[in-house]
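Coordinate analysis (summary)
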Amino acid sequence: MVSLLGRSDGEALQVNSGDTAWILVSSALVFIMAPGVGYFYSGMARSKNAVSLVFLCMIAMAIVSIQWMIWGYSLALSDTSNNAFIGDLNYGLLLYVGDKPHVNAPTIPGDVYALFQCMFAALTPALALGGAAERIRILPAVLFCFVWTTIVYDPIAYWSWAPKGWMNVMGSLDYAGGTPVHIASGFGALAFSLVLGKRQGFGSEKFAPHNYLNIILGTSLLWFGWFGFNGGSAVASNGRAGLAATVTHIAACMGGLSWSFIAYFRHGKKFSSFHFCSGAISGLVAITPASGFVRPWSALVFGLISGIACHFAVDFKEKFGFDDALDVFAVHGVGGVVGNLLTGIFASKEVAALNGAIIKGGWMDRHWVQFGYQLAASCSGAGWSFVITGIILIIFNFIPGLHLRIHEEGEISGTDMAEMGEHGYKFATIEPLPVGRERTLSAEENGGVPRGIVFANPPSSNKSTVTNTEGSEKPASMRGV
């Protein structure tokens, strides 16, 4: 989050009602990204884990919002701390925030800025939990979100955006969260997948998305919310906010197209909504740190390169044998690094100057060292998140009652039933049964639904079908996927 205007401490601050209204709207837009992540994740997972993934994203929003009020905002964005690493507690419990503007947002009340930033903090651990999808217990996950936000997200956000944060002072450019949000969540998810281990059947079974409509819905909510995520990071209603929203949209479009066409030629010359949605998210991730620094034509490059890089990064988990269930590392970790580095090349001081901000720009302005600053920020954020996340998870596993991995039977039946006692798809309708061909689905085959639902194998084919409330006909062999 960049400082809008250079000013001296003694300069008068004036709250602008238009800026305030836009940031309040942007806060709501970013909030809708939490269920967006949930639906996106639930569609990618198997049906027996769908509800718990949406629920985890929503409960992460709740617990992190409480953490943010208690001390998160003060630790992450204090403008009274002289520490280069972490903020002080002067704004603990949001005391002394009120309508006094923050130095990063001089035209809106401080409590509005705190709310807007809260949405970023709450979204980040929800993203990271995707690396442990289909095998994580909910209770320790809730506590993990509180702890992780405090000692992973808050320091990285302080380094990046606080007036005295070392990355900010060094000259690293991060407009809306390339390092604190995407690199932190992506490398945190990688640590999650390594510490928790692989899902049962990983490497021998094909874990395919169970609901492409959920993926499309989740992507739509995320894309919609990203206009506030990046556009709101101008913390003002002005031309720079409009440009940030414009390049955000262009990068998403290009990312979706580049990923789709690569997958088309690599996977049987068929288009996939899943591939397009994944590519669009990769473009959104990559443009995040650059959205207030680059021109629209540059967004085409961000979308193209991120779509290609993240597409091939998905293959890493098969080549290196780690089970990042929902490709968080490939999309957010790799996409965040790509976006950070490209910012060092394409950042323009003329774009930043649209609202009075002063930067030296990137390679386009012959400021060659900017790429090094971006690389340093990326490596620091990635390393901190990966190492500290791993330490947190290992400690949790030694505390009675806080082991993170669900028991074997629960993983087989699905986290929806094992952790919540709820179904995402409780009812099913059955195709007409040819006489003499009935049998009963097991709970595992049926995505966690109890035994007793019958399906048929027609005499003319051994590919039976079940029509269920997921809205599609699927071969019996694909049940539970």
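See the structure shown above.
Here's a quick rundown of the structure.

Rules used in this analysis
- Residues numbered from 1 in each chain as written.
- Predicted model: local features only at pLDDT ≥ 70, side-chain atom pairs only at ≥ 80, totals over all residues.
- Heavy atoms only, no water.
- Helix = DSSP H or I, 4+ residues; strand = E, 2+ residues; numbered from the N terminus.
- Buried < 20%, exposed > 50% of the residue type's maximum accessible area, 1.4 Å probe, protein only.
- Contact = heavy atoms within 4.5 Å.
- Areas by Shrake-Rupley, 256 points an atom, 1.4 Å probe, with all protein chains shown as cover.
- Expected span 1.5 Å × (residues − 1).
- Polar contact = N/O pair within 3.5 Å; in protein donor to acceptor, adjacent residues only side chain to side chain.
- Axes fitted to C-alpha atoms, helices over the stretch in contact; angles between N-to-C directions.
- Parallel < 35°, antiparallel > 145°, perpendicular 65-115°, else oblique.
- Left-handed = near helix turned anticlockwise from the far one by under 90°.
- Nonpolar A, V, L, I, M, F, W, Y, C, P; charged D, E, K, R; others polar.
- Core = buried A, V, L, I, M, F, W, Y, C linked by side-chain atoms within 4.5 Å.
- Phe/Tyr/Trp six-rings, centres within 6.5 Å; stacked < 30°, edge-to-face > 60°.
- Patch = residues over 30% accessible without salt bridge, like charges linked within 9 Å, V, L, I, M, F, W, Y side chains within 5 Å.
- Salt bridge = Lys/Arg side-chain N within 4 Å of Asp/Glu carboxyl O.

A word on the overall build of the chain. In terms of regular secondary structure, the chain is built from 17 helices and five strands. By residue count, 57% of the 481 residues in the chain fall in the buried class. A fraction of 75% describes how many contacts in the chain between residues 6 or more apart in sequence connect residues 24 or more apart. As displayed, the chain offers around 18,600 Å² of accessible surface, 66% of which is attributable to carbon and sulfur atoms.

This part takes up helix α9 (residues 239-266). For α9, with 28 residues, the first-to-last C-alpha span of 41 Å sits near the 40 Å given by 1.5 Å per residue. N-cap assignment for α9: the residue whose side-chain oxygen lies 3.1 Å from the backbone N of Arg240 is Asn238.

Here we take up the packing of helix α10 (residues 273-287) against helix α13 (residues 328-346). Two numbers describe how α10 lies on α13: the axes approach to 7 Å, and their chain directions differ by 45°. The orientation of α10 relative to α13 falls into the category oblique. For the element pair α10 and α13, the recorded crossing hand is right-handed. Contacts from Ile281, Ser282, Val285 and Ala286 in α10 reach Val331, His332, Gly335, Gly336 and Gly339 in α13. The class makeup of the residues in the contact of α10 with α13 is four nonpolar, five polar and no charged.

Bringing the packing of helix α7 (residues 178-196) against α13 into the picture now. Following both chains from N to C, one finds α7 and α13 inclined at 145°, their axes separated by 7 Å at the closest point. Of the two possible hands of crossing, α7 and α13 adopt the one that is left-handed. Contacts from Gly178, Thr179, His182, Ile183, Ser185, Gly186, Phe187, Ala189 and Leu190 of α7 reach α13 at Val328, Phe329, His332, Gly333, Gly336, Val337 and Asn340.

A positive phi angle, close to 40°, is found at Val235, a residue other than glycine. For Asp327, which is not glycine, the phi torsion reads 60° and is therefore positive. Positionally, Asp327 belongs in the loop between α12 (316-320) and α13. Since its relative accessible area comes to 11%, Asp327 is described here as buried.

Core analysis: the largest hydrophobic core is formed by 121 residues, its most contacted members being Tyr41, Ile136, Tyr153 and Phe229. Counting residues per element, this core draws most heavily on helix α5 (residues 138-161), at 13 residues. Aside from chain neighbours lying at most four places away, what touches Tyr41 is Leu53, Cys57, Ala126, Leu127, Gly130, Leu326 and Val328.

Since the α-helix turns once every 3.6 residues, residues separated by three or four places project in the same direction. Helix length check: helix α2 (residues 33-44) (twelve residues) gives 16 Å between terminal C-alpha atoms against 16 Å at 1.5 Å per residue, within 8%. Residues of α2 that are buried: Met33, Ala34, Pro35, Gly36, Val37, Gly38, Phe40, Tyr41, Ser42, Gly43 and Met44.

This brings us to the packing of aromatic side chains. For the coordinates displayed, the defined rule picks out 28 aromatic pairs. Put simply, the rings of Phe116, Phe120, Trp161, Trp226 and Phe229 pair up and form one aromatic cluster.

What follows deals with a nonpolar patch on the surface. On the surface, Ile66, Met69, Leu93, Leu94, Leu95 and Tyr96 cluster together to form a nonpolar patch covering roughly 580 Å² of accessible area. With respect to the helices and strands, Leu95 occurs in the loop between α3 (50-77) and α4 (110-128).

The subject of this paragraph is the environment of Tyr153. Mapped onto the secondary structure, Tyr153 falls in helix α5. The spatial distance from the C-alpha of Tyr153 to the C-alpha of Thr179 is 9.5 Å, given a sequence separation of 26 residues. Apart from residues no more than four positions distant in its own chain, Tyr153 is found in contact with Trp68, Gln117, Phe120, Ala121, Thr124, Trp148, Trp161, Pro180 and Val181.

In total, this model carries eight salt bridges according to the counting rule given. Arg405 is the partner of Glu411 in a salt bridge, and the nearest nitrogen-oxygen pair spans 2.9 Å. Taking the relative accessible area as the measure of exposure, Glu411 reaches 4% and is therefore buried. Each of the salt bridges in this network shares a partner with another, and the network as a whole consists of Arg46, Glu134, Arg135, Arg199 and Asp323.

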